[in-house]
Amino acid sequence: MAQQLSGVTVVIFIAGGILTFILLFIFAKRQIMRFALRSRRGPHVPIGHDGKKTLKREIERRIEVVPKIAFEPKLMTVDQDDDLSKYILPPAESNNKPLLSHHYRMKAVDDVKKLEREITKQDKTLTRHPNENIRSFLLNTLAVLLDGNGQHIVHQFCDLYEHARYDPNEFLDEEYQSFIRLMKKLIDVAKLLKSYSGESRKNSPNKTPTRNNNMRTGTNESLRSKDRDSNRLKVV
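The structure reproduced in this document is the subject of the present report. (Residues numbered from 1 in each chain as written. Predicted model: local features only at pLDDT ≥ 70, side-chain atom pairs only at ≥ 80, totals over all residues. Heavy atoms only, no water.)

## Overview of the overall build of the protein
Step number 1: Each helix and strand counted, the protein has eight helices and zero strands in total.
Step number 2: In sequence order, the secondary structure elements of the protein are arranged as α-α-α-α-α-α-α-α.
Step number 3: Taking all 236 residues of the protein together, the buried fraction comes to 20%.
Step number 4: In the protein, 58% of the contacts between residues at least 6 apart in sequence involve partners at least 24 apart.
Step number 5: Counting only carbon and sulfur atoms, one obtains 57% of the accessible surface of the protein, whose full area is about 19,200 Å². (Helix = DSSP H or I, 4+ residues; strand = E, 2+ residues; numbered from the N terminus. Buried < 20%, exposed > 50% of the residue type's maximum accessible area, 1.4 Å probe, protein only. Contact = heavy atoms within 4.5 Å. Areas by Shrake-Rupley, 256 points an atom, 1.4 Å probe, with all protein chains shown as cover.)

## Focus on a nonpolar patch on the surface
Step number 1: On the surface, a cluster of nonpolar side chains totalling about 700 Å² of accessible area is made up of Val-10, Ile-14, Ile-18, Phe-21, Ile-22, Phe-25 and Ile-26.
Step number 2: Looking at the secondary structure, you find Ile-22 in helix H1 (residues 2–39).
Step number 3: With a relative accessible area of 40%, Ile-22 lands in the partly exposed category. (Patch = residues over 30% accessible without salt bridge, like charges linked within 9 Å, V, L, I, M, F, W, Y side chains within 5 Å. Salt bridge = Lys/Arg side-chain N within 4 Å of Asp/Glu carboxyl O.)

This is the structure:
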């Protein structure tokens, strides 16, 4: 009897241990899921729940594209009636009230687009994405036309641009005028892109080889002589 009770108690202990392990496992899994849902930025419900796989993939593709979307609006406009008047308007100039520092910053950020438009005008394949670094874009685009001094101008221009856009120090009319002078030099360099591309195309070797008439006549004569010899053999 004691042996049977000991066996029953062993089975009860084993069953209780298994049940406790299952309960602890379920509790730990639920806690892990809660912490994972709190830490992640996504929705608590799976994307495209109870939807087709194609729909889920399309939703995920569009969500992944969102961080890549970037736009650089025009900050200032001269024409009040323009559609762009919803952006920041330039203040009225007066002797008593000088222009604020952020006015020159916005003008510098807008004027960079003039240089980009000039480069795109000369070569339509050269366009800068808003996420692309302007320093690397100018160095790669104008590298053929710039020597060491020209690259130094690009670095000075980009330093002033980054100063106007990110640096908390003052960016006043003096810095803006030096910025404009450097930009005009780069615009003059960008105007040479079209002529350089035209010369490079002219100097490029022609991939289609020209036909040699002497070779063609030689091959035709050899074929004719072979036909004559074959005809002579047939007659004999």
